[in-house]
Amino acid sequence: MTQPATDGPLLLQMSGIGKSFFGVPVLSDVDFELRAGEVHAVLGENGAGKSTLMKILSGAYRPDAGTITLEGQPVTFRHPRDAQIKGISIIYQEFNLLPERTVAQNIFLGREPRRGPIVDRRAMDSATGRLLAQVDPSGTIAPDDLVAHLSVAQQQTVEIAKALSFDSRILVMDEPTASLSPHEVEALFGQVRVLQKKGMGIVYISHRLREIYEVADRVTVLRDGRKVATVGVTETNMSDLVRMMVGRDLEDYFPPHATSEELGEVMMAVRDGNVTRRLHDINFEVRAGEILGIGGLAGSGRSGLAEALFGVAPFDSGAIELGGERVHIRSPRQAVRRGVAFLTEDRKAEGLVLSLSIRNNMLLAMRSMGRLLDSRLPHPVSVRELAANVDLRATSIDQEVRFVSGGNQQKVVLAKWLATRSRVFIFDEPTRGIDVGAKAGIHDLMRSLARRGAAIVMISSELPELLGMSDRILVMRNGSIQGELPSGATEDDVMFMATGEKASVPA
Amino acid sequence: MTDLTSLRPKTRLVLIGRKILRAGSAPIFVVLGVIYLLASIVVSVANEGTLLSIDALESVLSRSVGLGIVAMGQTCVLIVGSIDLSVSYLISVSATYSSAIMNDDPNKMALGVVVVLAIGALVGLANGLVITKLRVNPFVATLGMSFILSGVLNASFQDYSGAVPDQFQYLAYGYFGPILVPFILLGGVVAAVWILLRYTTMGHHMYAVGGSEEVARLSGIKSHRVIIAAHVICALTAVVTGLYLAARIKSGAPWIGPDGNYSLESIAAVVLGGTALSGGRGGVWGTLAGVMILFVLDTSFNSLQVDEFLQNVARGVIIIGAVAVYTYRINKRRR
Amino acid sequence: MTLETPAPIDRVSMGPSEASLGVRALRTVRSTPPIFLILLALLLAIYSQAPTYNFVSIFKNGAALAILAAGELFVIVSGEFDLSVGSLITVVVTMSATIANGDPSSTPMVFAVMIVLGVVVGVVNGFIVTRLHVPSFVATLGMMLILVGAVNYITGGTPLGNLPANFRMFGRDAINNFPVLGTLPNSIVVLFVTGLLLYWLLQRSNFGKRIYAVGGNSRAADLAGIDVAGTKTLAFVVSALSAVVAGILLGGYAGVSVNVGNGYEFQAISAAVIGGAALTGGRGTVAAAIAGGLTMQALFALLNVLGYPPELRDTVEGVIVIGAVAYGSYQLRNAK
């Protein structure tokens, strides 16, 4: 391990941490340490184990192996509350705040200062005021403001004040800048430095490499549930970090790219697509047999693009062409009827009806196309054939879909769109939440889908997947397409195009 | 936001003013004012100045007091994200059992009150336990409870049962100084629930559980206890309404609760006041305003003496309209 | 991997397994919704106490509630409530009497008017819920108040007119000389036909499959191209039309009054719920909802036979409703 950038006392030491879910290891033998006054970034792709590690630290999960020591004392957490009392606070991307309650009520929820059964409002408000003064020096937030009336950045400030109220020594921030404007990011870094000066240790999880250089002292890179390295940021550069994150030969893991003979005519094209304040000047084409990758950071407009293509949040201006014909897609219903399929990032919330059987989920989109007062489908479908087509593994076709694994659930969603004979497939994070062993199966399915003449638009924040699967890559930034990369592109090409930070960092 | 801070002393007032306007109950008072204005104009035109007869006013008022008391309890239940459909029958249970126990004997007044309060606490506890421990949907749990109470009640009493002593009727007809006792009763319940919701930790935790059970749990709040407490409080307010009605009509009858449709009307009043069915927001003042809107409607329609039944139509339209406006405002804010 | 890897689906047998008869029988009993067993137990209990009991009357008198419950089920499966059906029954009975006023030739016209009324009420409910985003509890509660008020306003509190015989025959009369049973009440025929129709609509047609999807996960349904608002609105229409049919039956055997439909909304919801429908949406079957409605009638008959005060029916009903849902939520939590 390299020298720590700060010489504060050791706050936290996690060693040999391991965790499996249903026999699938997600973390093995991970070491992590944090010093007082240090900002320690944790970097890794989706599924690398970052969030599992942090959930273990915050008491939401219990590790199968390994030890946690806080300031020299070994500890075990049974409940997030335990960790909080011991001085570890975590700020998730989804804030744990009640929008209909005031700032003070939120900060002191569950431990209100009281006299008898009565909440001591004055004490609570003044304590809140003192906390806010530390992180909100310009005083934009009042203790009795309703949280619902605050901006996202202000709500984050409230979360930080809440962490301070626990006298936390350790603060974990999970992608804190995901939905902040550049101006707000600067303010956040100011807050982080204040906490640092107070001697707190901060664990900073982020995808954005540039931020890590700006705010962190050390960085730990995780890959496939293992620690790759811990390095001081001054001792490394962006290319090294990307290599550590990705670190493998892509060709071995992914099916071969499309050959030029396999590419057919243009299936879908977008001309000058705009969505007010979200997407600007979107222009691209995707051909039959092609997998078009869409890269970019969170918040760059990737998901917005998928929603526009599928009519969830349609383009305000511009045109979509399917098979050379201009079409109106103003709702998912219209998209489905025109043979566009959308495989969402969050399968359980958006792709499946968990209370229904595999069979009924596979036929869901067909039911929307069939006649209302008719039990027949628009064209005959063999559910058994569909299941075989996607290599579905389940005990019965009539099993409720909530009982099958993530990989098989994704196959059910895919089968749903195969049933409608869709020609254009939009995949949003096709393998998120799917364990490593099942990922390859999904990738093979996608490629064979393309070989059979489908056009595929794939959004992915996993660089290996994006590079390994795509025949062409569009990189998005700030709601527009920043540029196009061929299939031979490297991680660095994508990252630099996505961040626009080529010059500022040692390469 | 940021430029306001430099003008601190002045903007503080502006902010406070804005806060009052933003508070959930503000729109309902505007609606209330408009309705009252329209109603009084219509009334005075139609009746050429004649006011509502004292009898009619009294009957409407007493109904509003009874509804107001139980609506306070219903407010707590809706704030924790639950619902109570059993209050109608609990009101009947309270009225009939108390008057049967008292049986015109002043010495048994305390006994009657204590017994029905105990029954109420048990019913509320049972509702809360079935919802939290057996995880039965609150709608079904309290609907089932209302069936259970209805059966017991109708098997025990077919008609007016016993009578409350004259002294007990002080609760309905007495004056405390210049103020009618029912108003003090209602005021007391409103104040108690207001203090509970606004000042006590239990009240704060009720909002938290209704807002997000997950957030409440992560903050170490025992959500089951909070939900049970809300149901017990609601049941107790239903008992008080039952006692008040018994005092008013001298004797309890099994039909007074369901005939008054108190379950649905109390929910309607609470919802009119801006408390969301989904929980986590609202409060006593909104509910009080909701009760008053229904009261104003009743008075104006009664004094019009045209078609008392049309007031139900108006109620339906107003309840739907008010909630449509609330959801529209909330959706707009969330965007 | 410590877990057993399930086989590919095409290698799994999808028909009934080759287990022994006894095991299969046990499995059938276990997978049968408990409501059918409860209903059977109640009927057997009645039989053991009074072998000569007129069982047909249970079905005859329970038909209206059973139909109403099956209609309400559409709304419940879609994830909403309909509290307006009881008041709609009242409207149907009293308005039919007012319009017909004993004239048999008017019956077809009256039926047509009532069907149109049902469609209008359903569409309005659906519009308020899906377009104005008012929670269905509040929306249909408002509709209930509106309908009750309107009936009283039009009739002045006492219904005018009466229902002609050819209107009342559906709820009151019977087919004579029916094999085995001797007489077959018309209401049972109506229940059978309506039940089959509703079964096909909910569990076979594309419309019904969409209702399950919308109630199970409206976001996923929307993204699968299903018109969520339209589907919910049509569910409200089915519920309202079932109230029209129930009203026609009740007008036949219960007569005309302004409180004929009182409380039926909660009875219908209870019947659907003890039939295993989940108030959160996405679950429930027509046959079980009908069985739920008949169970309530059988309960009434049993208490009658046993000589208990009929009022206790409500109490037992309450216990069954809570028990059934508690059992259901327990099963759902422990399902695999």
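Predicted model, so just to flag it, every value in this text is computed and none were measured.

Trainee: Before we go on, may I ask you to explain the sheet that holds strand β4 (residues 65-70) of chain A in this structure?
Mentor: Residues and elements named next belong to chain A. Here we have 4 strands laid out as an open sheet, ordered β2-β1-β4-β5, and antiparallel in their pairing. Looking along the sheet, the strands with just one partner apiece sit at the ends: β2 (24-35) and β5 (73-75). Within this sheet the neighbouring strands show an average axis-to-axis angle of 25°, counted without direction. Pairing of strand β1 (residues 10-21) with β2, which is carried by 8 bridges, proceeds in the antiparallel orientation. Across the sheet, the residue bridging to Q13 is E33, located in β2. Helix-sheet contacts for helix α1 (residues 50-57) involve β1, β2 and β4, and the interaxial angle to β1 is about 120°.

Trainee: In this structure, what is going on with the packing of aromatic side chains? I would like to understand it.
Mentor: In the structure shown here, the tally under the stated rule is 18 aromatic pairs over all chains. Aromatic side chains F81(C) and F137(C) sit 5.9 Å apart centroid to centroid with 80° between the ring planes, which places their arrangement in the edge-to-face category. With F81(C) in the loop between α3 (55-77) and α4 (85-100) and F137(C) in helix α6 (residues 136-155), this residue pair connects regions lying 56 residues apart in the sequence. Among the residues examined, F81(C) registers a relative accessible area of 16% and is labelled buried. Taken together, the aromatic side chains of F139(B), F81(C), F137(C) and F266(C) make up a single cluster linked through ring pairs. Directly above the ring of F166(A) sits R111(A), whose terminal nitrogen or CZ lies 3.7 Å from the centroid. Positioned above the aromatic ring of Y262(B), the side-chain terminus of R63(B) is 5.4 Å from the ring centre.

Trainee: Honestly, unusual backbone geometry in this entry has me stumped. Any pointers?
Mentor: With the exception of glycine, the majority of residues adopt a negative phi angle, and the majority of peptide bonds are in the trans configuration. All names here are of chain A. One non-glycine residue, D281, adopts positive backbone phi at about 45°. Looking at the element boundaries, D281 is found in strand β14 (residues 279-287). Non-glycine residue N478 carries a positive phi angle of around 50°. Mapped onto the fold, N478 is located in the loop between β21 (472-477) and β22 (480-486).

Trainee: For this particular structure, what's the right way to read the interface of chain C and chain B?
Mentor: Put simply, an interface is often sized by how much accessible area is lost when its parts join up. If you look at the interface, chain C gives 43 residues, while chain B gives 41 residues. Summing the contributions of chain C and of chain B, the shared interface buries around 3,400 Å²; its carbon and sulfur component is 81%. At the junction of chain C and chain B, the tally comes to 0 salt bridges. Only α6, α12 (264-274) and α14 (312-333) of chain C provide two or more residues apiece to the side of chain C that touches chain B. Its residues assigned to classes, the side of chain C that touches chain B shows 28 nonpolar, 11 polar and 4 charged.

Trainee: Would you mind going over the interface of chain A and chain C with me for this structure?
Mentor: At the interface, 48 residues of chain A touch 36 residues of chain C. Summing both partners gives a buried area of about 3,400 Å² for chain A against chain C, and 58% of it is carried by carbon and sulfur. Remark: the boundary between chain A and chain C carries 2 salt bridges. In this structure, R283(C) and E400(A) form a salt bridge, with 3.1 Å as the shortest nitrogen-oxygen distance. Taken together, the connections running from chain A to chain C amount to 15 residue pairs in polar contact (both at pLDDT 80 or more). Taken together, the elements giving at least two residues each to the side of chain A that touches chain C come down to α11 (332-337), α12 (347-351), α14 (364-369), α15 (383-389) and α16 (406-419) of chain A. Per element, the largest residue contribution to the side of chain A that touches chain C is 5 residues, and it comes from α14(A). Classifying every residue of the side of chain A that touches chain C gives 24 nonpolar, 10 polar and 14 charged.

Trainee: What's the story with the pattern of salt bridges in this structure? I'm lost.
Mentor: If charged atoms from side chains of opposite charge come close, those side chains can pair. Residues and elements named next belong to chain A. Counted by the stated rule, this structure contains 30 salt bridges over all chains. Between D398 and R359 there is a salt bridge whose closest N-O contact spans 3.0 Å. Of this pair, D398 sits in the loop between α15 and α16 while R359 sits in helix α13 (residues 358-362); the two residues are 39 residues apart in sequence, bridging distant segments of the chain. Under the relative-accessibility criterion, D398 is labelled partly exposed at 42%. Among the residues examined, R359 registers a relative accessible area of 32% and is labelled partly exposed. By sharing partners, the salt bridges in this structure join E33, R35, E38 and R218 into a single network.

Trainee: Got a minute to help me understand the nonpolar core in this structure?
Mentor: Burial of nonpolar side chains together is a common tendency in soluble globular proteins. Counting residues in hydrophobic clusters, the biggest one holds 326 residues, and the most contacted among them are F315(A), F425(A), F139(B), M206(B), F74(C) and F137(C). Once you skip the residues sitting within four places of it in the chain, F315(A) turns out to touch V270(A), G273(A), N274(A), V275(A), L279(A), I282(A), L305(A), A308(A), L309(A), I320(A) and R330(A). Ranked by size, the runner-up nonpolar core spans 27 residues in total, among them L11(A), I56(A), L57(A) and V172(A).

Cut-offs used in this document
In this numbering scheme, every chain counts its residues from 1 along its sequence in written order. Each chain gets a letter, beginning with A, and each ligand a number, beginning with 1, in the order they are written. Only residues with pLDDT of at least 70 get local features here, since the model is predicted, and only at 80 or more are side-chain atom pairs given and counted; chain-wide, interface and lining totals rely on the full set of residues. Side-chain numbers come from the whole structure's heavy atoms, not from hydrogens or water. Paired strands, as defined in this entry, are two strands with at least two bridges between them according to DSSP. By the criteria applied, helices consist of DSSP H or I runs no shorter than four residues and strands consist of E runs no shorter than two, each listed in order from the N terminus. For helices, the axis comes from a line fit to the C-alpha atoms of the stretch in contact; other axes are also lines fit to C-alpha atoms, and the angle between any two N-to-C directions lies between 0 and 180 degrees. Two residues qualify as a contact provided that any one of their heavy atoms is within 4.5 Å of a heavy atom in the partner residue. Pairing of aromatic rings covers Phe, Tyr and Trp, the last through its six-membered ring, and needs centres within 6.5 Å; plane angles under 30 degrees mean stacked, over 60 mean edge-to-face, and all others mean tilted. Remark: exposure states derive from per-residue accessible area (1.4 Å probe, protein chains only) relative to the maximum for the residue type, with buried under 20%, exposed over 50%, and partly exposed in between. In this scheme, Lys NZ or Arg CZ marks a charge over a ring once it lies within 6 Å of the ring centre and within 35 degrees of the ring normal. A 1.4 Å probe defines the accessible area here, and the buried area is the portion of it lost by two parts on being joined, summed over both. Each reported salt bridge corresponds to a side-chain nitrogen of Lys or Arg within 4 Å of a carboxyl oxygen of Asp or Glu. Ten residue types, Ala, Val, Leu, Ile, Met, Phe, Trp, Tyr, Cys and Pro, are classed as nonpolar, four, Asp, Glu, Lys and Arg, as charged, and the remainder, Gly among them, as polar. Nitrogen and oxygen atoms within 3.5 Å of one another constitute a polar contact, given that in protein one can donate a hydrogen and the other can accept it, and given that sequence-neighbouring residues count only through two side-chain atoms. Buried Ala, Val, Leu, Ile, Met, Phe, Trp, Tyr and Cys residues form a nonpolar core when they are joined through side-chain atoms within 4.5 Å.

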